[in-house]
Amino acid sequence: MATFESGLRYSESHEYVRVEGEFGYIGISDYAQHALGNVVYVDMPEVDDEVTAGEEFGAVESVKAASDLIAPVSGTVVEVNEALEDEPELLNKDAFANWIIKVQLSDPAELDNLMDVEAYKAHCEN
Amino acid sequence: MNNNQTTRQPLPSLTGGVGGGSFKYFPHTSEDLQEMLQACGVSSVHDLFADVPEAARFQRDYNLPDALSETDLRLFFEQLTSPLATQQLICFAGAGCYDHYAPSVVQNLIERSEFLTSYTPYQAEISQGTLHYIFEYQSMIAELTGLDISNASMYDGATATAEAVMMAWSNAKKATRVLVSETLDPKVRRVVDTYAHFHGVPLQLIPAKDGALDRDALDRELSEGGVAGVIVQQPNYYGIVEDYTGVAEKVHEQKGIFVINANPSDLAILKTPGEWGADVAVGEGQSLGIPMTFGGPGVGFMACTEKLIRKMPGRIVGQTLDNRGQRCFVLTLQAREQHIRRQKATSNICSNQSLMALYVTIYLSLMGKEGLREVAEMSYAGAHTLCDKLIATGHFRLTFPDKPFFNEFCLDYDGDLDALLAEATECGYLAGVKVGEKTLMLAVTEQRTPEEIEELCEILNK
Amino acid sequence: MEEFTTSQIHSTLPLEGERGGGLLGRRLYGNLIFELSKKGRKGYSLPQDYDRTHTTAELPAALRRTEAARLPECDELTVVRHYTNLSHNNFGVNDGFYPLGSCTMKYNPVINEEIAAMRAFAALHPLQPAETCQGALEVYYNLQQSLAELAGLSEFTLNPCAGAHGELTGLMVIRAYHEATAPSHRTKVLIPDSAHGTNPASAAVCGLEVVEVKSLPDGTVDVDHLRELLSEIGPQVAAMMMTNPNTLGIFEPRVLEITKMVHEAGGLMYYDGANLNALLGECRPGDMGFDVMHINLHKTFSTPHGGGGPGSGPVGVRKGLEQFLPTPRVVMENKEIGKGEAPASSNSLIFTISHSQSAPLSVGSFFGNFGVMLKAYAYILSLGREHVKQVGPLATLNANYIKERLRDDYLLPIQGLCKHEVVFDGLVDKSTGVTTMDVAKRLLDYGYHAPTIYFPLLFHESLMIEPTENESKETIDAFIDVMHRIAQEAKTDPELVKTAPHNTPIGRVDDVLAAKQPVTTYWKSVESR
C-alpha cells in the first residue's frame, strides 16, 4: 500500500514539493513509485537549469514504463540528487526521503495550485 | 510471365469460394471448414466479414496472374536470372556496396530456420539464440568502432546516419543546426536531408576542398556556436581517408556530438571513430559478409559512448541472469522505445536487421582478427595497383592527387566516359561508378584477382 | 555475477524435471564466441597470390588504428557448432505454433528462400546499368504493380525497409503533398488511442503533432470524438492514421464515414498495414477511402521475420499522390512490349530507374530490401489470383474458431466477430492470481510461442492470439487443449504456472538487473566480473 506524507504539496502528475524557506525539494510520491515498479533510471536536469511549472524536467524509467517528470513549481535547479544516478532504486525504497531535485522557487504563489495530502489522497483513490 | 502461366479454374466449394485442402500452404480440408464454421455459428467464411460495409467489399477477382506451380515458379525466376536478363558483372564498383568474400558457412548458418523464422526476441526464454548473437554482434561493432555501446542494428547505413542526426539534435539544448560534410555519400546525404527536413533539423553543408572536408570552413561554422553535431564520413565518399585530428575537441567545446560514418571493413586498419574522439559511429555493414543483392538488405550499425546510451535509438541487448542463476541475454533499456514512449521515443524504429546482424557476426567470427586485416590489405593493395596501372595508360589521372585512399579512388578520364563504361559492360565488367562528367570511381576488394585487374586495365586503355 | 570459465564450455546445464512437453526442453548452450577464441586459429582462406607492392603501412600512422580489433579467432568447425548450438535455443515458425498477435507469423515458404539466394540476384550491384539487370527490375516493377492491385491504390514504392520505416515514409509523402498543394499549417495527425506505439512515434519523427482520438469501450474509433476534433482543428490536420482491423482485431464498422469526414476536413487517410492479412480477398484499403498506406511484406506476404528483420515496408498511394513517392523508382518504359518477358536485347529497355520526382524524398541508400521483395513476389506468384483470395478468410476463420473455443476459460471482452486475431482479457477466473504473463510463460513449456501480451493497452490482461491461415485445425485444437489445461493448472497448481517456464533453456530473466547496470558487450561483461 502506498503511503502519504503530510506537509508536502502534490501535483496531479504525482510529484511532490517539500518547501524549506526559499527552496523546494521535488520528488515523486510513494504512490507513483508503486505504480512504476522497479525504477532503473532517473533522468535529471543539470544544476542552473530552469524548470517551469507544468513542464517536464526529466523522466523516471522502470523496465516496462517511462514517466516524464513534470515540475510542480517553477525555479532554478540548485542541486540534483546524485545518489539516484547509481542507485535509482532509492526511489522505491523511500520516495519521500529521496527527492530528485532542489530548486530555488521563483514563484511561491504557484504552491497554491497544488494539493495538500488529503486532496492528493483523494486524487489517487480516484 | 504469360508464357509460364497455367490456367486453372477457381475451385468449386460449398463454403463461399474458399475451397478446402486445395493449396499447399492452406491445410483446411472441406471437413475442417465445415466443423470450424459450425463452431463459429456461421455458414460461410464470408459471413465472418458481415461487419464490413457492402461498399468496402472487394467483389471481383484480383488482376493478378494465375497461381504458378513450384516448377513454373522456378522456371520463371530462372528466366529472369538468365544472362540475358540479369548479367553478373565483374565488380569494380563500390559507392556504398561492395563485393566481398564471405565463407560458405555464413549463408549456410543464416538459413537455419530457427534463426530465419523467429520473431523479435521478446520472449527471452525461447529466444536466447537471437539475443546471444546480437550480444556478440554488439561486442564486435563496439570493438571495430572503438566505442562502448552498439545497438542491435538498424535498416541501413543511410538511415542510421539520419538517426544520428536526430540523436544529435535531441541531445542538444540550445543548438541551431547540425553540420554535414559534403564528402558524405550523396545518397546518404539525400536521406539525411529528407529526415532532417521533416523532423525540423536545420542542416548546414560544410563544403569539400580537394576531395576532403574544408577544415577552415568547418572551423568558421564551429566558431559561430550552436552546433548540435558534426557528421563526416571515413573513408569519405571519394574513398579518401581524411584526417579528422582536432575536430572532436572543437565539437565537444560546444557540447555537440561528433558522428563518423565509417566502413566497418576498413576499421581493421583505420583509426577508429573512438580514437578520433567521435561520440557516435554509424555506417553500412554490408561489407561484412552480406551479399550485394541489388543493394539490400544490408545492415546499418550504430555505436556510441556510454554517456549517450539512453539517447541511442534502436534495440539493445543486455546481459543478465535468469531465475536459475544462469547468464543470459535480454532486450533492455526498452523505456527509450516507441512501444513504451510512443511519440516521445528516441526513434520510431521498432525492429533491427537481426538476420543481417547475424551475417556480420558469423562473418567476423570466421574472419577474426587476422582475416579482416587480410581483407583490408588485399583490397588496399589491389586498389593501389589498379590505380597505378590505369594512370600508366596515360588516359587517367587522380582526381584528388596526394590524398591517401583505401580501396576506392577517383580518376579523371580523358575521353568519353559513358562510351568507355558501356564498352566495359560489354566485356562483362562493372568498371566503377561515374561520379562526375569525367570522373570514374573504382573500388577493389579481395575478390578481384590480379588477372581481372589486368584485364580491366586493358579494356580501359582507350 | 557468476564466473564463467572455460571448464563450462562444453557442458550442458541440467534443467529441472520435465514439467511440460516443450520443444526447447533440452539445454542451454551458453558460450560466447569470444570465449571459444584461441590465438592463431582461423576460419577462412583467401588467395595469397596478389601484388603486394602496396600495403596499408603506406598510410600515415595518424590514420591507422593503434591496436588490432579484438575479434575472435576460431576454426571453421568451432564456428559452425557454436551457431548451430545457438540456433537450438531459438523458437521459429518452423518449430511450432506461433500465435503472436499483430505479428502475422505465417509460414515462410522454402522455395522463396531458394529464389532469393539465386546467385544472379545475390551478386547484383545496385549501381549496375539498367540494361544489365532487367530481370531484377522486372521483379521490382511487378511487385509494385501487384501490391497496388491488392491494396486498391495507384502506385507503390518498395524503398522502405520495415513497417515503421514505411509509416514514416508514408507520413513524409503526406507532408510533401500538403507542402506542395496548399502550404497550410497541417501539422497535426489524428491517431486512435488504441494504435500501435509506432504510429505516434513515426508521426513525431516526421515532425507532426499527435492528437489522440478516443476509443469506444468496444475498441473502435469514437466517431463523435473524431467529429469534435475535426471541427476544432480540422484545418491543421495533415492526416489520420488507422489500423483496420484495429489493434483489437475488430473491423472498424464506420470506416467509410471516418475517411469521408477526414477528407472533408482536407486531411488524408493513412492505413497502417499491420493487420492487412485479415482483409486479403475481402476488402482493399483503397476502396475504404485510404490515400496512403504501408504493407509489411514480412507479415502479409510471408517473408521471414529473421529474428527481428530484415523486413520490407512498401508504401502505396492513391492516384494523384504518385509524384510525392520517394526515389529511386522503377518504371516501365514501353508497356506495349511483351509484359513480363525477358527483354530480347539490351536495345529494347523495358524497365528503367527513375530519380525524378516532384518532391525529392529519399529514405535509403539504394532500392530497399530487394532480397525480401524477391520472396514476397515469389509468394504472390505461388498463391496467384485464386489463392490470394483465401488468405484473409482462412486467417479470420482460424481466429474466430479460437475465440469461440476459448471463451469459456478466457475472458472475452468484446463480443461479435473478430478478424485475423482475437484479444482476451486474461483468464475468466482471476481469483487464482495467475496473470496473462504466467499463461504466456507456461505456454512456452508446452512448446508454443506465447501470444502477444499486455497489448492492446485497453485491457489490463490482454492476450492477443493470431493464428494465420497456415495453421491446421489439428494444430489449433491442440493449442486450445493446452490453453484449457493451463486454465485448469491455474486452479489446481497456480504456483506451477506462476513460476513457468520450467522446460526452456533459461528461466524468467532479471530484466531489472539488465536495465539498471547495462552490460551490452563482452568487454563490459569481462570488466564487471
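How each quantity is defined
In this numbering scheme, every chain counts its residues from 1 along its sequence in written order. Following the order in which they are written, the chains are lettered starting with A and the ligands numbered starting with 1. Note on the predicted model: pLDDT of at least 70 is required for a residue's local features to be given, and 80 or more for side-chain atom pairs to be given and counted; whole-chain, interface and lining totals, by contrast, use all residues. Numbering of helices and strands runs from the N terminus, with a helix taken as a DSSP run of H or I at least four residues long and a strand as a DSSP run of E at least two residues long. Each radius of gyration reported is based on C-alpha atoms, and the globular scaling rule is 2.2 Å times the count of residues to the power 0.38. Whether a residue is buried, exposed or partly exposed is read from the other C-beta atoms within 10 Å of its own C-beta, which are placed from the backbone; 20 or more gives buried, 12 or fewer gives exposed, and intermediate counts give partly exposed. What counts as a contact is two residues whose backbone-derived C-beta atoms lie within 7 Å of each other. Any helix carries an expected span of 1.5 Å times its number of residues minus one. In this context, the arc is that of the directions from the helix axis out to the C-beta atoms. By definition, pLDDT measures how confident the predictor is in each residue, and it falls between 0 and 100. Three classes are used: nonpolar for Ala, Val, Leu, Ile, Met, Phe, Trp, Tyr, Cys and Pro, charged for Asp, Glu, Lys and Arg, and polar for all others, with Gly counted as polar. Only strands joined by at least two bridges in the DSSP assignment are considered to pair. All axes are obtained by fitting lines to C-alpha atoms, using only the stretch in contact for helices, and the reported angles, taken between N-to-C directions, cover 0 to 180 degrees. Nonpolar cores are identified as sets of buried Ala, Val, Leu, Ile, Met, Phe, Trp, Tyr and Cys residues joined via C-beta atoms within 7 Å. Crossovers are described as right-handed under a simple rule: with the strands pointing away from the observer, the path leading from the first strand over the helix to the second runs clockwise.

Asks: An account of the overall build of chain A is requested, with residue identities and associated values reported.
Replies: Regarding its fold elements, chain A presents four helices and nine strands. Helices and strands in chain A line up, N terminus first, as β-β-β-α-β-β-β-β-β-α-α-β-α. Taking 126 residues into account, the globule formula puts the C-alpha radius of gyration at 14 Å, and chain A, at 13 Å, falls close to it. Projected onto its principal axes, the C-alpha coordinates of chain A cover approximately 35 × 35 × 20 Å. With 126 residues in all, chain A has 40% of them scored as buried. Summarising the internal contacts of chain A: among those between residues at least 6 apart in sequence, 63% fall at separations of at least 24.

Asks: So what's going on with the overall build of chain C? Residues and values would help.
Replies: A tally of helices and strands in chain C yields 15 helices and twelve strands. A compact globule built from 529 residues would reach a C-alpha radius of gyration of about 24 Å, and chain C, at 26 Å, matches this within 12%. The 529 residues of chain C split such that 60% are buried. Counted over contacts in chain C with a minimum sequence separation of 6, partners at least 24 positions apart contribute 75%.

Asks: So what about helix H1 (residues 76-87) of chain C? Which residues, and what values?
Replies: Structurally, the α-helix is built with 3.6 residues per turn, so residues lying three or four positions apart point the same way. Residue and element names in this part refer to chain C. End to end, H1 covers 17 Å across twelve residues, agreeing with the expected 16 Å (1.5 Å per residue, within 8%). When we look at burial in H1, the residues that qualify are Thr78, Val79, His82, Tyr83, Leu86 and Ser87. Buried residues of H1, viewed axially, fall in a sector of 165 degrees; they line one side.

Asks: I'd love a proper account of the confidence of the model for chain C, names of residues and values included.
Replies: With 92% of its residues at a pLDDT of 70 or more, chain C has an overall mean of 91. Segment residues 336-346 of chain C is flagged for pLDDT under 50; beyond a separation of four residues in sequence, or across chains, it makes 20 contacts in the model.

Asks: Break down the interface of chain A and chain B for me, with residues and values.
Replies: Counting residues at the interface gives five residues for chain A, matched by four residues for chain B. For the side of chain A that touches chain B, the class distribution of residues is three nonpolar, no polar and two charged.

Asks: Pulling in residues and values, what's your account of the sheet that holds strand E4 (residues 39-43) of chain A?
Replies: All names here are of chain A. Read across the open sheet, the three strands follow the order E4-E6-E7; overall the sheet is antiparallel. Two strands in the sheet have a free side with no partner beyond their single neighbour: E4 and strand E7 (66-70). For this sheet, the mean inter-axis angle between neighbouring strands, taken without regard to orientation, is 20 degrees. Sheet topology places E4 next to strand E6 (residues 56-62); four bridges connect them, and they run antiparallel. Considered in E6, the bridge of Asp43 is made with Ala59.

Asks: Can you break down the environment of Gly285 of chain B residue by residue, with the values?
Replies: Residues and elements named next belong to chain B. As for its placement among the helices and strands, Gly285 is situated in the loop between strand E9 (280-284) and strand E10 (300-304). The class for Gly285 is buried, based on 30 C-beta atoms found within 10 Å. Along the chain, Gly285 and Gly96 lie 189 residues apart, while their C-alpha atoms are 9.6 Å from each other.

Asks: Can you tell me about the environment of Tyr122 of chain B, naming the residues and giving the values?
Replies: Among the secondary structure elements, Tyr122 of chain B is positioned in the loop between helix H4 (113-116) and helix H5 (128-145). Spatially, the C-alpha atoms of Tyr122 of chain B and Leu331 of chain B are 7.1 Å apart, while their sequence positions differ by 209 residues.

Asks: Hey, could you go over unusual backbone geometry for me, with residue numbers and the actual values?
Replies: As a rule of thumb, non-glycine residues mostly have phi less than zero, and peptide bonds are mostly trans rather than cis. Here the residue pair Gly296 of chain B and Pro297 of chain B is connected by a cis peptide bond, since its omega of 5 degrees sits within 30 degrees of zero. The residue Pro297 of chain B is located in the loop between E9 and E10 in this model. With an omega dihedral of 0 degrees, the bond running from Phe455 of chain C to Pro456 of chain C counts as a cis peptide bond. Among the structural elements, Pro456 of chain C can be located in the loop between strand E11 (452-453) and strand E12 (462-465). Residues other than glycine seldom take positive phi values, yet Phe294 of chain B does so here, at roughly 60 degrees. Along the chain, the position of Phe294 of chain B falls in the loop between E9 and E10.

Asks: Residues and numbers for the interface of chain B and chain C, please.
Replies: On the chain C side, the residues contacting the 180 residues of chain B number 178 residues. Among the elements that take part in the side of chain B that touches chain C, helix H12 (residues 354-392) of chain B stands out by supplying 23 residues, more than any other. Grouping the amino acids of the side of chain B that touches chain C by side-chain chemistry returns 90 nonpolar, 58 polar and 32 charged.

Asks: Tell me about the sheet that holds strand E3 (residues 177-181) of chain B, and please be specific about residues and values.
Replies: Taken together, seven strands build an open sheet; the order of strands is E2-E10-E9-E8-E7-E3-E4 (chain B) and the sheet is mixed. Taken across any chain shown, the strands that pair with only one partner, and hence form the sheet edges, are strand E2 (149-150) and strand E4 (203-206) of chain B.

Asks: Can you tell me about the nonpolar core, naming the residues and giving the values?
Replies: If you look at the biggest cluster of nonpolar residues, it comprises 359 residues, and the most contacted ones within it are Val165 and Val259 of chain B together with Val173, Ala239 and Tyr270 of chain C. At 21 residues, the largest contribution of residues to this core is made by H12 of chain B. If sequence neighbours within four positions are ignored, Val173 of chain C has contacts with Val292, Val315, Val317, Leu321, Phe324 and Leu325 of chain C.

Asks: So what's going on with the pairing of strand E3 (residues 23-28) of chain A? Residues and values would help.
Replies: Residues and elements named next belong to chain A. Where strand E2 (residues 15-20) and E3 come together, six bridges link them in antiparallel fashion. Bridging across to E3, Arg18 finds its partner in Tyr25. The hairpin turn running from E2 into E3, its antiparallel successor, is two residues long, and Gly21 in that turn takes a positive phi close to 65 degrees. The sheet contact formed by E3 and strand E9 (residues 101-105) spans four bridges and is antiparallel. Pairing of Ile26 across the sheet is with Ile101, part of E9.

Asks: Quick one: what's the story with the pairing of strand E3 (residues 209-213) of chain C, residue by residue and with numbers?
Replies: Residue and element names in this part refer to chain C. Of the pairings in the sheet, the one linking strand E2 (residues 188-192) to E3 comprises five bridges and is parallel in character. Opposite Pro192, over in E3, you have Val213 as the bridge partner. Handedness of the crossover is the feature at issue here: the chain leaves E2, passes through helix H6 (residues 198-205), returns alongside E3, and the resulting connection is right-handed.

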